[in-house]
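Summary of structural features
Okay, here's what each chain looks like letter by letter:
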Amino acid sequence: MTSDISFNPQGAATLQSDNYPPRSLSFVRNRMLPIIAVLLALLLQTQIPKAPAQPKTLHPYFTYFLLLALALCVVQLTLSFFREKTRRKLAYKGLFVAGVFLFLSLLNILTSKLALLPPLYFPSLDRIVAAIVEDRALLVKCVLYSLRLQLVGYFCGLLAGLITGTLIGFSKSASYWISPLVRVLGPIPSTTWIPLTLIAFPSALSASFFLVALAVWFPTTIMTSSGISNVPQTYFEAGSTLGARRFSHIFRIGLPASMPHIFLGIFNGTCASFITLVTAEMVGARYGIGWYVIWQKDMMSYSNVYGGLIITATLFSILISLLFKLRDKALLWQKDVVKW
Amino acid sequence: MVNSAYDSLNGRRGQIELKNVGKKYKTNIGEVHALSDINLTIEAGSYVSLIGASGCGKSTMLRVIAGLTPLTAGSVTLDGKEIDGPGSDRGFVFQEHALFPWLTIRQNVAFGLKEARKQNANDEADKWLEITGLTGFGNAFPHQLSGGMCQRACLARSLAMNPAALLLDEPLGALDAFTRMYMQDEILRVWENRKTTMLMVTHDVDEAIYMSDCVVLLSPRPGRIEKTVEIELPRPRDRNDDRFISYRKTILESLHFAGFRREPDFYI
Ligand SMILES: Nc1ncnc2c1ncn2[C@@H]1O[C@H](COP(=O)(O)OP(=O)(O)OP(=O)(O)O)[C@@H](O)[C@H]1O
Ligand SMILES: [Mg+2]
């Protein structure tokens, strides 16, 4: 092994650079950037006095937030001495995290310290964090309401989409009758149906379930059926010569082979369902994250609006990354074939 | 251990009979007469090769026997029973391996066994992976294997069903010369152990002579049987044997390739 390295000029070069003085510098670059950025943000936050134009908060919440971030950074740094994985992650993500905290500091100075932007629409970070912390009970309730609407509507739409997609993909007569319907109704954004659903459904809640389901249904249907019709005929033929009949053609060949397509459809559907969810809540719901944002806007409480938006973004990105995890598991077989 | 998979040695099954078989495709450029008046009996347990120019209907003939393509005239029987659709009694090895990319190699081989509700499908699959020299690759996905390995997995997948006949459509066409010769011996080894009836399409005259009991020559448009050549050479065969070479000459002449080769005008 060692002799290998001594014969390899590039290997020798890397060995050398490891020993050179930049070592300490690379330690700062690879491990310390987030901590330095957070400390800087803390320094700016505590040392520069607040502009009187911004309303005061009960506690210096943004300082608390930064202290929490500092604690997490210290934990990561400590872990990085023991775990190779953390070390690599820290080296890669550190710069980005530092960038985020520098940006937050800039915002902090613009809003809280100098009040250069109108304080009504651009509350200080202290006030935004305060809104989230002080309104947490209502926010949790709203998140739970939204989650219920999202999950129930989503899974109904997903299931319906998979069923109609499979029917269109495999049955000529289903394709004859359903395809035109899908083609006409599908491209209409599901929020367009809001006026109609408010009359047609007994409650705003059931209307919202329907709208979210509709939003997922269309892309899932389209991508499932197109996935199935794109499965190479030889797979079905190979299956037939191995004794597969119709049931297996659908469930053991057609659907697994179209999984990459289906996941694209599900992904599009998920994004569409988020839009629909928030819009539906803004129109007719009581509670829910979309309702919260609109309600706080009407009350001119912009720090709560921002708080609601931050919670929404966090919630949706958690859901999306769960979906990505699931996809990575289901599409393991093409991991190094297709990336998206 | 390896031989246990051969336990269920089938007696004398796998006789294929084609009677006046004809096949016309209807296409946008008119009717294509792919096969016409084919009469052929393939003895149970024999190794038969189909050879002929591109487009003369070799694949069509194989697909008709597999039941993947309906015929338009005549009849095909397997052990006296008329064929009316695909079934696991006739294995099919496609030119481009056609393994299911979403299944591991083991799952691919076990696919048909599970379809037949066999218990221990995975153990049975492992046995076939061992026979085809793929032990240790059971958990790999097809795209992680070489072309030759995929073709072997395909062979294992078909053979695991214990078919009466195995239909091979240019199974080695995509392989390099060395892998190809190696695979020829692999296939022969399995065949000699099991005596499954083999019907193989190939473009390679040497391959046909090396492997088969009988070579069937097809002539194009419409596909007819031009000639059948029985290869009466002891196995294993020597590609440089005089009689091997004379068989090659006979077949090439029948295909109108012999004697047409022009001598080059100059040598470098
Ligand atoms: N699905 C199809 N539809 C219409 N015509 C077809 C179809 N399949 C094959 N043919 C026609 O039938 C004829 C025989 O085709 P086939 O695929 O059997 O030839 P082949 O001998 O296997 O050729 P190759 O050696 O190139 O594979 C060709 O003229 C082809 O155009
Ligand atoms: Mg062919």
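Being a predicted model, the structure only gives us computed values, none of them experimental. Throughout this document, residue positions are counted from 1 along each chain, in the order its sequence is written. As a convention, the first chain written is A and the first ligand written is 1, with the rest following in written order. In keeping with the model being predicted, local features are shown solely for residues with a pLDDT of at least 70 and side-chain atom pairs are shown and tallied solely at 80 or more, while totals for entire chains, interfaces and linings include all residues. Remark: hydrogens and water are excluded; side-chain values derive from all non-hydrogen atoms of the structure.

Brief notes about the packing of helix 10 (residues 204-229) of chain A against helix 13 (residues 259-284) of chain A
Residues and elements named next belong to chain A. Note on geometry: axes are C-alpha line fits, over the in-contact stretch for helices, and angles between N-to-C directions span 0 to 180 degrees. Only DSSP runs of H or I reaching four residues or more are called helices, and only runs of E reaching two or more are called strands; each is numbered from the N terminus. Here helix 10 crosses helix 13 at 160°, and the two axes come no closer than 8 Å. It follows that helix 10 is roughly antiparallel to helix 13 by the angle criterion. Between helix 10 and helix 13 the crossing geometry is right-handed. For this classification, under 35 degrees means roughly parallel, over 145 means roughly antiparallel, 65 to 115 means roughly perpendicular, and everything else is oblique. In this scheme the handedness of a crossing depends on how the near helix is turned from the far one: anticlockwise by less than a right angle means left-handed, clockwise means right-handed.

Some remarks on the interface of chain B and chain A
For this analysis, residues touch if any pair of their heavy atoms sits within 4.5 Å. Residue-level contacts link 22 residues of chain B with 20 residues of chain A. Carbon and sulfur atoms supply 67% of the area that chain B and chain A bury against each other, a total of about 1,900 Å² over both sides. Sorting the residues of chain B by area buried against chain A places B:W102, B:F111 and B:E115 first, and these three jointly supply 34% of that buried surface. We define a salt bridge as a contact between a side-chain nitrogen of Lys or Arg and a carboxyl oxygen of Asp or Glu at a distance within 4 Å. Our enumeration of links across chain B and chain A arrives at two salt bridges. Linking A:R252 and B:E115 is a salt bridge whose minimum nitrogen-to-oxygen distance equals 2.5 Å. Counting of polar contacts relies on pairs of N or O atoms within 3.5 Å, with two restrictions inside protein: one atom must be capable of donating a hydrogen and the other of accepting it, and residues adjacent in sequence are counted only when both atoms are side-chain atoms. Linking chain B with chain A are five residue pairs in polar contact (both at pLDDT 80 or more). The greatest single-element share of the side of chain B that touches chain A, amounting to four residues, is contributed by helix 2 (residues 105-115) of chain B. Under the scheme applied, nonpolar residues are Ala, Val, Leu, Ile, Met, Phe, Trp, Tyr, Cys and Pro; charged residues are Asp, Glu, Lys and Arg; polar residues are all the others, including Gly. Taken together, the residues of the side of chain B that touches chain A sort by class into 12 nonpolar, five polar and five charged. Throughout, buried area stands for the accessible area (probe radius 1.4 Å) lost by two parts on being put together, summed over both.

A look at the packing of helix 7 (residues 136-170) of chain A against helix 10 of chain A
Residue and element names in this part refer to chain A. Between helix 7 and helix 10, whose axes approach to 6 Å, the crossing angle comes to 35°. Between helix 7 and helix 10 lies a crossing of right-handed hand. Classifying every residue of the contact of helix 7 with helix 10 gives 16 nonpolar, 13 polar and one charged.

Digging into the site of ligand 1
Residues and elements named next belong to chain B. Taken together, 13 residues lie around ligand 1, and S54, G55, K58, S59 and T60 are the ones closest in. Residue C56 places a main-chain N or O atom 3.2 Å away from an oxygen atom belonging to ligand 1. Elements with a minimum of two residues in the shell around ligand 1: strand 1 (16-27), strand 2 (30-42) and helix 1 (58-66). Among the elements that line the shell around ligand 1, the one with the most residues is helix 1, at three residues. Within the shell around ligand 1, the residues separate by chemical class into four nonpolar, seven polar and two charged. Near, as used in this document, describes a residue that has one of its heavy atoms within 4 Å of the molecule or strand being considered.

Quick look at the confidence of the model for chain B
For residues with low pLDDT, the predicted coordinates do not support detailed interpretation. Residues and elements named next belong to chain B. Confidence in the prediction for chain B averages 86 pLDDT; 91% of positions are at 70 or higher. For chain B, helix 5 (residues 177-194) is the element with the lowest average pLDDT, namely 87, and strand 8 (residues 197-201) is the one with the highest, namely 94. Note that pLDDT drops below 50 for residues 1-10; the model gives that stretch 21 contacts with residues more than four away or on any other chain. Reported confidence for the predicted complex is 0.86 by ipTM and 0.82 by pTM. The pLDDT score gives, residue by residue, the confidence of the prediction method on a 0 to 100 scale.

A closer look at the domain arrangement of chain B
Accessible area lost when the parts come together is the quantity often used to give the size of an interface. All names here are of chain B. Segment limits for the domains were obtained from an automatic or database-derived domain assignment. Domain boundaries assigned for chain B yield domain 1 (16-89 + 163-254) and domain 2 (97-162). One C-alpha centre belongs to domain 1, the other to domain 2, and the line joining them spans 24 Å. Contact residues are listed per partner, giving 16 residues for domain 1 and 12 residues for domain 2. A buried area of about 1,200 Å², summed over both sides, lies between domain 1 and domain 2, and 70% of it is on carbon and sulfur atoms. When the buried area of domain 1 at its contact with domain 2 is split by residue, P163, V190 and R194 rank highest and sum to 37% of it. Put simply, domain 1 and domain 2 have zero salt bridges between them. Among the elements of the structure, strand 7 (165-169) and helix 5 are those that each provide at least two residues to the side of domain 1 that touches domain 2. A total of eight residues in the side of domain 1 that touches domain 2 trace back to one element, the largest contributor, which is helix 5. Grouping the constituent residues of the side of domain 1 that touches domain 2 by class yields 10 nonpolar, three polar and three charged.

Comments concerning the pairing of strand 1 of chain B
Residues and elements named next belong to chain B. For two strands to pair, DSSP has to find at least two bridges joining them. As paired strands, strand 1 and strand 2 are joined by nine bridges and run antiparallel to one another. Each bridged residue has a counterpart across the sheet, and for K26 the counterpart in strand 2 is E31. Where strand 1 hands over to strand 2, the hairpin turn is made up of two residues, counted between the paired strands. Pairing analysis gives five bridges linking strand 1 to strand 4 (residues 73-78), with the strands arranged antiparallel. Bridging from a neighbouring strand, E17 pairs with T77 of strand 4.

What about a positive patch on the surface?
Residue and element names in this part refer to chain A. Exposure above 30% relative accessible area and the absence of a salt bridge qualify a residue for a patch, where like charges join within 9 Å and nonpolar side chains (Val, Leu, Ile, Met, Phe, Trp, Tyr) within 5 Å. Method for areas: the Shrake-Rupley scheme with a 1.4 Å probe, in which residue coverage is limited to the protein chains shown. The convention is simple: Lys and Arg are positive, Asp and Glu are negative, and His and the chain ends are not counted. Taken as the charge location is NZ of Lys, CZ of Arg, CG of Asp or CD of Glu. Residues R83, K85, K89, K93 and K325 make up a contiguous surface patch of positive charge. Counting residues per element, the positive patch draws most heavily on helix 5 (residues 84-113), at three residues. Tracing the chain through its elements places K93 in helix 5. Between buried and exposed lies partly exposed: a residue is buried under 20% and exposed over 50% of the maximum accessible area for its type, with that area taken using a 1.4 Å probe on protein chains only. The exposure class of K93 is partly exposed, given its relative accessible area of 43%.

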